[in-house]
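Single-letter residue listing:
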Amino acid sequence: METNRTAPAGLPLAGQVDGEKLQQEVAALQALERLPWPERALGYLKRTGPGLLQSAMTLGAGSAVASVVAGASFGYDLLWVQPVAMLLGVCMLAALGQVVLTTGERPYRLFARELHPVMAFLWALATIVASVIWHFPQYGLAAGAARDLAELAGLEVYATDAAGARSLTATGYAVSFGIGFLLLGVAIFTTWNYGRRGAGIRIYEWFLRGVILAVVLAFATVVAWTGVDWGALLRGFFGFRLPQSPEGIQTVLGAIGAAVGINMTFLYGYSLLAKGWGPAHRTLSRWDLVMSMFVPFVLVTSLIIIGMANTIYDPTQAGLVRTDLRPVDAAQALVPVMGANVGRVVFDLGFIAMTCGAISAHMVVCGFTVCEMFGLEYTVKRYRMFTLVPVVGLLGVVTSTPLWLPVVASAMAFTMLPIAYVSFWILYNRRSCGGQPWFASGKRLVFNVVLAVAVAMSVVGAAIQLKTRVWDRLPALLGRTTAQVVPGEPWRGVPAERAPLRPA
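Below: a short report on this structure. (Residues numbered from 1 in each chain as written. Predicted model: local features only at pLDDT ≥ 70, side-chain atom pairs only at ≥ 80, totals over all residues. Heavy atoms only, no water.)

What follows covers the environment of Leu 93. Considering the arrangement of structural elements, one finds Leu 93 in helix 5 (residues 81–103). Looking at Leu 93, the relative accessible area reads 0%, which means it is buried. In contact with Leu 93, other than residues within four places in its own chain, are Gln 54, Met 264, Thr 265, Tyr 268, Leu 289 and Met 293. (Helix = DSSP H or I, 4+ residues; strand = E, 2+ residues; numbered from the N terminus. Buried < 20%, exposed > 50% of the residue type's maximum accessible area, 1.4 Å probe, protein only. Contact = heavy atoms within 4.5 Å.)

See the structure below:
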């Protein structure tokens, strides 16, 4: 199969990859295989890239909410959930990467030919819808954090009426739109660089590295300040404790089953091809998923959980799922512990950095997906135009989406996710895609068993997500109940599960 690989012509940057440098990289990768493990790991680390996009996409508003709720509700006990969830997601993306790098073919066309054109179209449609709808809470979280910083500086961003209801002041609107347009400007600059020339993708990747590092440092500062209960930490990661309440178990299973967002599954293959990677990069792609996606995600979510366990968690109410918390509430809770508002500032800045990466990743995936859906030839102009599809989410700084929009997005995204997982599993074992029988070797058999577990958990997780985000929302959608939401703060007054656990 390796000699039959076709060039991914038309992808942004793929046709501009320096062929000579690519051959040198392939030779270097072959040489790495013969080196000791530490040197090999360092060599792979220097060449990572596509996994950064996945990391940026999954480290957003949903991850912040899920981690805050987990730490505040269960202390250290659920530290094991996010690593297990992301490990299953990484394995599924590794299966997709194996197929894409072996065939050199765009995933959308591969799906349409090997499975069915309708399935490919629905996969792309769910990706676009999810990216647009889950764009809103990214801006909402950033605006909430910015308003919290403005309040800390003495500005009046909220007004309270006689009934106790809060609304934004003129200053509040200015702060909200100010941070929104700032993040949009940064996102446009970086995502448009991605489609400009060969150097553009490196600029974007270093931007993502910087954002992820800033997030890790922000939350690590809080944890270092508040301390760590090392015994509880070890039990949290390796004790695999389950909550006693049905709500808690539902939270755990839902998180494990929704480890990877539907738009992440679409983006990953294209980010590989845009780098010019091929069969020789298959081992590197697996290292990249671990080092650029799994490790940063586990680090950030674990640090947030530990910070919440150290400050908000009440052992006397262990197991009670806190649905009344926002990330900004978590930042404010650090004031008594760290003093002088240091923790509050650091946490708010960390949340803003998280949304910055997620916003840009949503734009990149839309740039690829719209072209594929309608069979359009890739051009820089088209790519840039389609990256602006989710920009309507900027309105999230001052408003929440109408209830029916998240319901529709959730119905599509969480229905398609297990279907996509099954598709990856099928393609991974199909000979026409460079695969072999799933029992062909011991390693392949073990990996297929892991994929089977991932598929099963995606079905369970999708069922839970569809119940909480679609079925349970129907009464409100039909006008039988109402939910009070503060503008630009999507999670105040509504159950935390309404916010995406992984707005990828």
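For the rest of this paragraph, the subject is helix 17 (residues 342–373). With 32 residues, helix 17 extends 47 Å between its outermost C-alpha atoms, agreeing within 8% with the 46 Å of an ideal straight helix rising 1.5 Å per residue. For helix 17, a buried count of 29 out of 32 residues is recorded, marking the element as mostly surrounded by other parts of the structure. Following helix 17 by one or two positions, Gly 375 adopts a phi angle in the positive range, close to 65°. (Expected span 1.5 Å × (residues − 1).)

Attention now moves to the environment of Trp 287. Turning to its location among the elements, Trp 287 is positioned in helix 14 (residues 282–311). When its relative accessible area of 18% is taken as the criterion, Trp 287 is described as buried. For Trp 287 and Gly 51, which are 236 residues apart along the polypeptide, the C-alpha to C-alpha distance reads 9.1 Å. If sequence neighbours within four positions are ignored, Trp 287 has contacts with Trp 37, Arg 40, Ala 41, Tyr 44 and Ser 292.

Residues Tyr 194, Phe 219, Ile 262, Phe 347, Phe 351 and Met 354 are the most contacted members of the largest nonpolar core, which totals 154 residues. Top element by residues in this core is helix 17. It accounts for 17 residues. Apart from residues lying up to four places away in sequence, Met 354 is in contact with Leu 59, Gly 60, Ser 63, Ala 64, Val 215, Phe 219, Val 300 and Ile 304. (Core = buried A, V, L, I, M, F, W, Y, C linked by side-chain atoms within 4.5 Å.)

Turning next to a nonpolar patch on the surface. A cluster of nonpolar side chains, Trp 404, Val 408, Leu 477 and Leu 478, forms an exposed patch at the surface whose accessible area comes to about 380 Å². With respect to the helices, strands and loops of the structure, Trp 404 is situated in helix 19 (residues 404–428). Trp 404 gets classed as partly exposed once you look at its relative accessible area, which sits at 46%. (Patch = residues over 30% accessible without salt bridge, like charges linked within 9 Å, V, L, I, M, F, W, Y side chains within 5 Å. Areas by Shrake-Rupley, 256 points an atom, 1.4 Å probe, with all protein chains shown as cover. Salt bridge = Lys/Arg side-chain N within 4 Å of Asp/Glu carboxyl O.)

This part takes up the packing of aromatic side chains. The description of two aromatic rings rests on the distance between their centres and on the angle between their planes. Summed over all chains, the structure comprises 19 aromatic pairs. A centroid spacing of 6.4 Å and a plane angle of 50° characterise the contact between Phe 237 and Phe 238, whose relative ring orientation is tilted. Accessibility expressed as a relative area gives 24% for Phe 237, which makes it partly exposed. For Phe 238, a relative accessible area of 61% gives the class exposed. (Phe/Tyr/Trp six-rings, centres within 6.5 Å; stacked < 30°, edge-to-face > 60°.)

On to the pattern of salt bridges, then. Close approach of charged atoms allows side chains with opposite charge to pair. All told, the structure shown has eight salt bridges when counted by the stated rule. Asp 77 serves as the salt-bridge partner of Arg 241, at 3.1 Å between the closest nitrogen and oxygen. Residue Arg 241 is found in the loop between helix 11 (230–238) and helix 12 (246–257), and its partner Asp 77 is found in the loop between helix 4 (61–74) and helix 5; the two are separated by 164 residues along the sequence. We classify Arg 241 as partly exposed; its relative accessible area is 37%.

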